[in-house]
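Given next are the chains, with one letter for each unit.
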Amino acid sequence: MISGSPALIDGVPTQSFEDVARLAAELCGTTHAVICLARDSAMHLHACYSRATDRLHLDDTACAGPIDYDGVFMVLDLQQDPQVSRKLITAGDVPTRFYAAVPLRSAVGVVLGSLCVLDLEPRSDGLSRAQQACLASLARQVVTLLEIRHTAQEHRSQQSADEAALHKLQDQLHLAVAATDLGIFDYDLVADDLVWDARVHALFGLPPEAPVTYETFLTRLHPDDRTFVDQAVKAALDPTGDGTYDVAYRAIGLTDGVERWIAARGQAFFADGRATRFIGTARDISDVKRAEEHQRLLTGELQHRIKNTLAMVQAIANQTLRSATDLDEAREAFAGRLISLGRAHDILTQVSWTAAPIGEVIEGALCVHRQNSVPRIRISGPNVLLAAKPALSLALALHELATNAAKYGALSNESGTIDLRWHVVHEAEEPRFCLTWSEQAGPPIISPPVQRGFGSRLIERSFAAESGGAVTLTYPPTGLVCRIEAPLASMQEQIGVAAA
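Residues numbered from 1 in each chain as written. Predicted model: local features only at pLDDT ≥ 70, side-chain atom pairs only at ≥ 80, totals over all residues. Heavy atoms only, no water.

Caption draft 1: Layout of the overall build of the protein chain. Of the regular secondary structure elements, the protein chain holds 14 helices and 17 strands. Per-residue burial over the protein chain gives 44% buried out of 500 residues. Accessible surface computed for the protein chain: about 25500 Å², of which carbon and sulfur atoms make up 53%. (Helix = DSSP H or I, 4+ residues; strand = E, 2+ residues; numbered from the N terminus. Buried < 20%, exposed > 50% of the residue type's maximum accessible area, 1.4 Å probe, protein only. Areas by Shrake-Rupley, 256 points an atom, 1.4 Å probe, with all protein chains shown as cover.)

Put into structure tokens, the structure is as follows:
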């Protein structure tokens, strides 16, 4: 049932309702908010707020939704609910996809109207519980405001009771705003009086009681943002525009020196061809901006790593094919090197490409050759964290050494073994990383190889280029010995870790 009294509506300033509508839109993050009041058994648009330029085209069709219900009524996508969408706002060139409303119900259950929020896009999740609670709270405040004004008209002698109720209403509105972490500013342009609440003061590093002016605001902005923000304010106060204000800027706290990202939205109101009032909200979006910057850095780093990986794959392919005498053998060698590279990438991905434990790098590179029931590769050394590039180089080097041992060295018979040891030497001015690969009991080496293969060149070039290290290959009769030595700092680049 729709019911309402003209006496309850007449004499209530529209500005009071527009403030509530604006707050409802800000709390719910929607494009439009309207307050509809009942008169003559029909619902009529009484106040509205819109961020869109066509906000003034909203009309009574915005009030055509159902009202005989309890709680918050929501239509997540009007295109999926044709029964409701036929009644809702489609006129006035204002397309709407999401709709939510709460009835304005008096203490005795009479429907006085509704508070509605509308958005241009559908919402799969609708409004959060906190937003629904705040919207219902604002609806109660509208009812309270209507009833207070009505009571004031009938009982002017009781005006000082009315003042207490108005203070209560203001307190409730402040609580609703506080729940959303929004700060509020209110600029009386006629009196040149700028008022910030405690939350906006805190965003600018000021105590709650500190006086503020527009110059205070400008001087606390980041120098790179000051000009465009000032221009945005002037544009909002231009009577030829729509009065909207929506910017994000950096502020430097006066007392704490903290740089914060702030998102501010506002609306200017005009009279006699000039701006008379400018109100709005401000909130801290520093965490969002830091997340965006982190994502940008990650994207750039990913692009860099992909280029490096592709270059490494290209070099492996070129060298493998250049030194190959048999296509099948070349294919097998190339596949093995890519698999080793892939395992190293998996390890680095698990630690977000920051610092890979050397033990995991070695296990990944040698796991194919350590599946025997009798361990033939003995590994020992301290826990050293490696940066991405040295970890990849070490994985490829160990793969080449193990592949060579399986073909010609200690792993080519049933009795050969390999000792793989590493340590950190602290004797010199800068600590050095040392690793030794020693083969024993394999086929005896009669004489050193006449020509160096790709594996040898890959090991030497990788450590020379990536870590400034040195690789020494010796061929005693007992088996191949490979010694790798490099500055510990170059093996760890900028990860800021040391050997355990």
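What follows picks up the thread again.
Caption draft 2: Spatial organisation of the pattern of salt bridges. This model, assessed by the stated rule, comprises 15 salt bridges. For Asp-19, the salt bridge is made with Arg-277, and the minimal N-O distance between the two is 3.6 Å. Of this pair, Asp-19 sits in helix 2 (residues 14-28) while Arg-277 sits in strand 10 (residues 274-284); the two residues are 258 residues apart in sequence, bridging distant segments of the chain. Residues Arg-432 and Glu-485 are paired through a salt bridge, measuring 2.8 Å at the closest nitrogen-oxygen approach. Taken as a pair, Arg-432 in strand 15 (residues 432-440) and Glu-485 in strand 17 (residues 481-487) lie far apart in primary sequence, 53 residues in all. What makes Arg-432 partly exposed here is its relative accessible area of 23%. Take Glu-485: its relative accessible area is 34%, and that puts it in the partly exposed class. Connected through shared salt-bridge partners, Arg-22, Glu-26, Asp-246 and Arg-265 make up one network. (Salt bridge = Lys/Arg side-chain N within 4 Å of Asp/Glu carboxyl O.)

Caption draft 3: Focus on the packing of helix 11 (residues 358-366) against helix 12 (residues 388-407). Two elements in contact, helix 11 and helix 12, have axes separated by 9 Å at closest approach and are oriented at 40 degrees. Crossing geometry of helix 11 relative to helix 12 is assigned as right-handed. Taking contact as the criterion, the partners of Ile-358, Val-361, Ile-362, Ala-365 and Leu-366 in helix 11 are, on helix 12, Ala-391, Leu-394, Ala-395, Leu-398 and Ala-402. Of the residues in the contact of helix 11 with helix 12, the class split is 10 nonpolar, no polar and no charged. (Axes fitted to C-alpha atoms, helices over the stretch in contact; angles between N-to-C directions. Left-handed = near helix turned anticlockwise from the far one by under 90°. Contact = heavy atoms within 4.5 Å. Nonpolar A, V, L, I, M, F, W, Y, C, P; charged D, E, K, R; others polar.)

Caption draft 4: The arrangement of the environment of Asp-193 in detail. Within the secondary structure, Asp-193 is located in strand 7 (residues 193-196). When its relative accessible area of 41% is taken as the criterion, Asp-193 is described as partly exposed. Each C-alpha atom of the pair Asp-193 and Pro-211 lies 10.0 Å from the other, and the pair is 18 residues apart in sequence. With near-sequence residues (within four places) excluded, Asp-193 lies in contact with Asp-186, Tyr-187 and Asp-188.

Caption draft 5: Structural detail: the pairing of strand 16 (residues 470-474). Covered by surrounding structure in strand 16 are Val-471 and Leu-473 only, the residues Ala-470, Thr-472 and Thr-474 on the alternate face being uncovered. Direction of pairing for strand 16 relative to strand 17: antiparallel, over a ladder of five bridges. Within strand 17, the residue paired with Leu-473 across the bridge is Cys-482. A loop of six residues connects strand 16 with strand 17, the two strands running antiparallel in sequence, and Gly-479 in this loop sits at a positive phi of about 145 degrees. (Pairing = 2+ DSSP bridges.)

Caption draft 6: Seen up close, the sheet that holds strand 6 (residues 183-188). The antiparallel open sheet is built from five strands, whose spatial order is 7-6-10-9-8. The open sheet is flanked by strand 7 and strand 8 (244-252), the only strands paired with a single partner. For this sheet the average axis-to-axis angle between neighbouring strands, irrespective of direction, equals 20 degrees. In the sheet, strand 8 pairs with strand 9 (residues 259-271) via nine bridges, with the strands oriented antiparallel. Its bridge partner lying in strand 9, Ala-251 is registered against Arg-260. Contacting strand 9 and strand 10, helix 2 runs over the sheet at an angle of about 30 degrees to strand 10.

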